[in-house]
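Per-entry structural report
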Amino acid sequence: MMERETLERRLRSAEPSLRTPVYLVDEAALLCNLEILQGVARRTGCHILLAQKAFSMFRVYPLIGRYLAGATASGLYEARLAHEEMPGGENHVFCPAYTAEEMAEIVRICDHISFNSLVQLEAHRPLWEAAGVSVGLRVNPEHSTQEGHAIYDPCAPGSRLGIRRQNLPERLPRGVEGLHFHTLCEQDAAPLVETFAAFEKAFGSFLPGLKWLNLGGGHHITRPGYDIAALEGLILSIRETYGLEVYLEPGEAVALGAGTLITTVLDVVDASDMPVLILDTSAACHMPDVLEMPYRPPLYGAGEPGEKAYTCRLAARTCLAGDVIGAYSFDACPKAGDRLVFGDMAIYSMVKNNTFNGMPLPDIALRHTDGSCEVVRRFGYQDFKTRLS
């Protein structure tokens, strides 16, 4: 495993050979995460899956498939992607509702399907029973551990995600082999331990006789300081107590800190309070979570406002007045032509980007372990046009 200090230096590189904007995923950093996740799986016997909703760079699926048990999908298209690009791995899917046409294909390519309601379970019973797929139900423990991220909280009041205990019979319907809950977002092991206790109190009577339990995603397992021992203790306890196969489906943890977004300063505008750097990248188009969460992405070499000599606001060249990434400080005021490197841009970036205002999509590049860079995908006008009609 490459030392984190070495990885940090690699990630800070603006790679002048690449045109901007560009998402650059570092293979060495990805491997570092995968080795941590594989270690958890080996020591506990659990199955760890890639949640594609956070990271779907299928160019590296063969690599991921050598370390993880497979992938999980949020619908048919992601399930197809895993089936095509990570053959041989487990292929799980959960969606709040499936159409009959989708289910006809899903039962051919997935081995585990989780349903969000008893109505959906029964509506598609003829297909999944005939296919012999292992099915489960997503449940809602109604125990929230999140603060400040209501949009990502499946246990928030009024949530449509997961069946509440009061809406389940005393015995699970015929053929149900597992239960699934997903309640975390960028969290440590302690909230999972706490949530499992609430889940066990409400749904524990169903566990004897089931085959598997899916603990969902949101586990920041590869983040420095994450309590891996507590996670492993919980998994081992579940397996010993109930004899279940345990699944985890992190998305962010697979590519956490493994990618950057490199951008170029196009202009510097004098605003009333501070200089504004106009970049060739966009929060709204290329890193939507900056506005949606919201959050302030890390910028290598920069500081908090006022920390360094020059404080500037970073913004896009779209017409959206609020397309602002944030305020950062620098030792010297950046000028047109300078390159900036945003960190942690492998996750929830490529999977959520868009072409609002006709903004070009960033290239996607891969830095191999030997330091060489490969441009995996370059987008152009046709990619913009074919999304329209």
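Right, let's walk through the structure included here.

This part is about the overall build of the protein. In terms of regular secondary structure, the protein is built from 13 helices and 16 strands. Taken over C-alpha atoms, the radius of gyration comes to 22 Å for the protein, in line with the 21 Å a tight globule of 389 residues would show. With the C-alpha coordinates of the protein rotated into their principal frame, the extents come out at 65 × 50 × 45 Å. When burial is assessed residue by residue, the protein has 55% of its 389 residues classed as buried. Counting only contacts in the protein whose residues sit at least 6 apart along the sequence, the fraction spanning at least 24 positions is 68%. With an accessible surface of roughly 16,800 Å², the protein has 52% of that area assigned to carbon and sulfur atoms. Separation between the mean location of the 35 positive side-chain charges and that of the 48 negative ones in the protein comes to 3 Å.

Quick look at the pairing of strand E11 (residues 275–279) now. Among the 5 residues in E11, 4 count as buried, and that is most of the element. Sheet topology note: the strand E10 (residues 259–270)/E11 ladder contains 5 bridges and is antiparallel. Note on E11: the bridge partner recorded for aspartate 270 is proline 275. Count of turn residues in the E10/E11 antiparallel hairpin: 4 residues. In the sheet, E11 pairs with strand E12 (residues 310–315) via 3 bridges, with the strands oriented parallel. Its bridge partner lying in E12, isoleucine 278 is registered against alanine 315.

Before going further, it helps to examine the packing of helix H1 (residues 4–12) against helix H2 (residues 27–44). At a closest axis distance of 10 Å, the pairing of H1 and H2 adopts a crossing angle of 145 degrees. Contact residues: Arg4, Leu7 and Arg10 in H1; Ala28, Ala29, Cys32 and Ile36 in H2. In terms of residue class, the contact of H1 with H2 is made up of 5 nonpolar, no polar and 2 charged.

This brings us to the pattern of salt bridges. Enumeration according to the criterion identifies 25 salt bridges in this entry. Two residues, arginine 165 and glutamate 170, come together in a salt bridge whose shortest N-O distance is 3.5 Å. The residue glutamate 177 makes a salt bridge to lysine 211 at a minimum N-O spacing of 3.2 Å. Of this pair, glutamate 177 sits in strand E7 (residues 176–180) while lysine 211 sits in the loop between helix H8 (189–203) and strand E8 (212–214), and the two are 34 residues apart along the sequence. Given the relative accessible area of 22%, glutamate 177 is considered partly exposed. Beyond isolated ion pairs, a larger network of salt bridges with shared partners links Arg10, Glu15, Asp26 and Arg367.

A separate point is the sheet that holds strand E9 (residues 245–248). In a beta sheet, neighbouring strands pair by backbone hydrogen bonds and run either parallel or antiparallel. The strand order around the closed barrel formed by 8 strands is E2-E3-E4-E5-E6-E7-E8-E9, and the pairing between neighbours is parallel. Within the sheet, the average angular offset between the axes of one strand and its neighbour, ignoring direction, is 25 degrees. Across 3 bridges, E8 lies against E9 in parallel orientation. Within the sheet, the bridge partner assigned to tryptophan 212 lies in E9 and is glutamate 245.

We now examine the nonpolar core. Membership of the largest hydrophobic core comes to 100 residues, with the highest contact counts inside it found for Phe55, Ile64, Ile113, Leu179, Leu314 and Phe342. The greatest single-element share of this core, amounting to 10 residues, is contributed by H2. Ignoring any residue separated from it by four or fewer positions in sequence, one finds phenylalanine 55 in contact with Val25, Leu30, Leu50, Val60, Tyr61, Ile64, Ala255, Ala346, Met350 and Val351. Membership of the second largest hydrophobic core comes to 6 residues, among which are Val22, Ile262, Val341 and Ala365.

Before going further, it helps to spend a moment on the environment of threonine 44. Position of threonine 44 relative to the elements: it lies in helix H2. Residue classification places threonine 44 among the buried residues on the basis of a relative accessible area of 2%. Sequence separation of threonine 44 and valine 246 is 202 residues, and the distance between their C-alpha atoms is 9.1 Å. In this structure threonine 44 touches Glu232, Ile235, Leu236 and Arg239, once residues within four positions along its chain are discounted. At a separation of 3.2 Å, a polar atom in the side chain of threonine 44 contacts the main-chain amide nitrogen of cysteine 46.

Cut-offs used in this document
- Residues numbered from 1 in each chain as written.
- Predicted model: local features only at pLDDT ≥ 70, side-chain atom pairs only at ≥ 80, totals over all residues.
- Heavy atoms only, no water.
- Helix = DSSP H or I, 4+ residues; strand = E, 2+ residues; numbered from the N terminus.
- Rg over C-alpha atoms; globule rule 2.2 N^0.38 Å.
- Buried < 20%, exposed > 50% of the residue type's maximum accessible area, 1.4 Å probe, protein only.
- Contact = heavy atoms within 4.5 Å.
- Areas by Shrake-Rupley, 256 points an atom, 1.4 Å probe, with all protein chains shown as cover.
- Lys, Arg positive; Asp, Glu negative; His and termini not counted.
- Charge placed at Lys NZ, Arg CZ, Asp CG, Glu CD.
- Pairing = 2+ DSSP bridges.
- Axes fitted to C-alpha atoms, helices over the stretch in contact; angles between N-to-C directions.
- Nonpolar A, V, L, I, M, F, W, Y, C, P; charged D, E, K, R; others polar.
- Salt bridge = Lys/Arg side-chain N within 4 Å of Asp/Glu carboxyl O.
- Core = buried A, V, L, I, M, F, W, Y, C linked by side-chain atoms within 4.5 Å.
- Polar contact = N/O pair within 3.5 Å; in protein donor to acceptor, adjacent residues only side chain to side chain.

These figures capture arrangement, not role.
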